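# Topology and contacts: notes
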Amino acid sequence: MQQEHAAAIINGGYFDEQNNATALVVSNGQAYGTSYDGFGGMLSVDAQGHISLRSLNQQPYDPTNEQLQQATQSSPMLILNGQATQFNANAADSRRSIVAMDRQGRLLFIASPNPAFSLGELADLLVASDLSIDRALNLDGGASTGLYVNSGSQHVSIDSIARLPIVVIARAK
C-alpha cells in the first residue's frame, strides 16, 4: 500500500495453485487469461479512466472493441439493478470480499474478515443495507480476503491469509 501510494487495496478475482488467474485480468493494458463467458462479472478501467462494474452475462467482454487498461473478473454477481441475483452457489459461511457500485456511481470495497455469511445471505444483506448498491460482484474470498484503506482519518487493515497474485488498487484523484 505504501509502495503504490494507494487509498485502498482489495484482493481481486480467483487464481489457481500456480497463482494464475482463472479468468481475464488486464494490467496496464496487457490482457492475461480468458474471459468468463455467460457468467460472472468484471471490474474494469478503460483508456479514458472510466470505471465499470458489469455482469458478463448481460454485457460480455469484447476484446476487439474494448481498450481496457485494468480489469479483473470474478463470480458470481451478487446484485444487479439493486436486486439480489439468482446464482448457483451453496457456499458455506466464509470470509468475503466484494466490489460494488452504488446508485451514485461510487466504487465500494467491502470485506467480511470473519466467516459470517453465505453468498446468498451476503447478497440479501447488501440489498437491505443503506448503501444504495446498484451492482455488486463477489471477489475471491476465504483466505484471499484482504482489504487496506488509508484515506484521511479512515484506516482499515484486514490481512489476507494467502499471498495474493491479483489485487485491485485504488488511488485518490
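Relevant structure appears above.
Let me begin by describing the structure that accompanies this report. What you are looking at is a predicted structure, and each value in this text was computed from that prediction instead of being measured.

### Thoughts on the sheet that holds strand E4 (residues 41-46)
Overall, antiparallel pairing links the five strands, which are arranged E3-E2-E6-E4-E5 in an open sheet. Where the open sheet ends on each side, the last strands, each with one partner, are strand E3 (30-32) and strand E5 (51-55). Recorded for the sheet is a direction-independent mean angle of 20° between the axes of neighbouring strands. Note that E4 and strand E6 (residues 68-74) share six bridges and pair antiparallel. Bridge pairing in E6 links Gly 41 to Ser 74.

### So, the pattern of salt bridges
For the coordinates displayed, the defined rule picks out three salt bridges. Between Arg 106 and Asp 102 there is a salt bridge, with its nearest N and O atoms 2.7 Å apart. The closest approach of N and O atoms between Arg 135 and Asp 134, which form a salt bridge, is 2.4 Å. A relative accessible area of 16% means that Asp 134 is categorised as buried.

### Topic: the nonpolar core
Ranked by size, the top nonpolar core spans 15 residues in total, and within it Ile 10, Leu 53, Val 99, Phe 109, Leu 137 and Leu 147 carry the most contacts. Counting residues per element, the ones that place at least two in this core are strand E1 (8-11), strand E7 (77-80), strand E9 (94-102) and strand E12 (147-151). Setting aside its immediate chain neighbours within four residues, Ile 10 contacts Ser 97, Ile 98, Phe 109, Ile 110, Leu 139, Gly 146, Leu 147, Val 167 and Val 168. Counting residues in hydrophobic clusters, the runner-up holds twelve residues, among them Ile 79, Ala 100, Ala 123 and Leu 126.

### Concerning the packing of aromatic side chains
Tallied over the entire structure, the rule returns one aromatic pair. Relative to Phe 39, the ring of Tyr 36 lies with its centre 4.5 Å away and its plane at 35°, an arrangement referred to as tilted.

### Some points on the environment of Leu 147
Along the chain, the position of Leu 147 falls in strand E12. In sequence terms Leu 147 and Ala 111 are 36 residues apart; their C-alpha atoms lie 6.6 Å from each other. Those residues within four positions of Leu 147 in sequence are excluded, and the remaining contacts are Ile 9, Ile 10, Phe 109, Ala 111, Val 156, Ser 157 and Ile 158.

### Quick notes on the sheet that holds strand E8 (residues 83-84)
Within a sheet, each strand pairs with its neighbour through backbone hydrogen bonds, oriented either parallel or antiparallel. Reading across the sheet, the five strands line up as E8-E7-E11-E9-E10 and stay open at both edges, with antiparallel pairing between neighbours. For this open sheet the edge positions go to E8 and strand E10 (107-117), each flanked by a neighbour on one side alone. As paired strands, E7 and strand E11 (residues 133-138) are joined by two bridges and run antiparallel to one another. Counterpart to Met 77 in the pairing with E11 is Leu 137.

### Thoughts on the pairing of E12
One ladder, built from three bridges, connects E1 with E12; its direction is antiparallel. By the bridge assignment for E12, Ile 9 is matched with Tyr 148. Relative to strand E13 (residues 154-158), E12 is paired through five bridges, and the arrangement is antiparallel. In the strand pairing of E13, Tyr 148 is matched with Ser 157. Remark: two residues form the turn of the hairpin made by E12 and E13, two consecutive strands paired antiparallel; Gly 152 in that turn has positive phi of roughly 60°.

Reading guide: rules and limits
Residues numbered from 1 in each chain as written. Predicted model: local features only at pLDDT ≥ 70, side-chain atom pairs only at ≥ 80, totals over all residues. Heavy atoms only, no water. Pairing = 2+ DSSP bridges. Helix = DSSP H or I, 4+ residues; strand = E, 2+ residues; numbered from the N terminus. Axes fitted to C-alpha atoms, helices over the stretch in contact; angles between N-to-C directions. Salt bridge = Lys/Arg side-chain N within 4 Å of Asp/Glu carboxyl O. Buried < 20%, exposed > 50% of the residue type's maximum accessible area, 1.4 Å probe, protein only. Core = buried A, V, L, I, M, F, W, Y, C linked by side-chain atoms within 4.5 Å. Contact = heavy atoms within 4.5 Å. Phe/Tyr/Trp six-rings, centres within 6.5 Å; stacked < 30°, edge-to-face > 60°.

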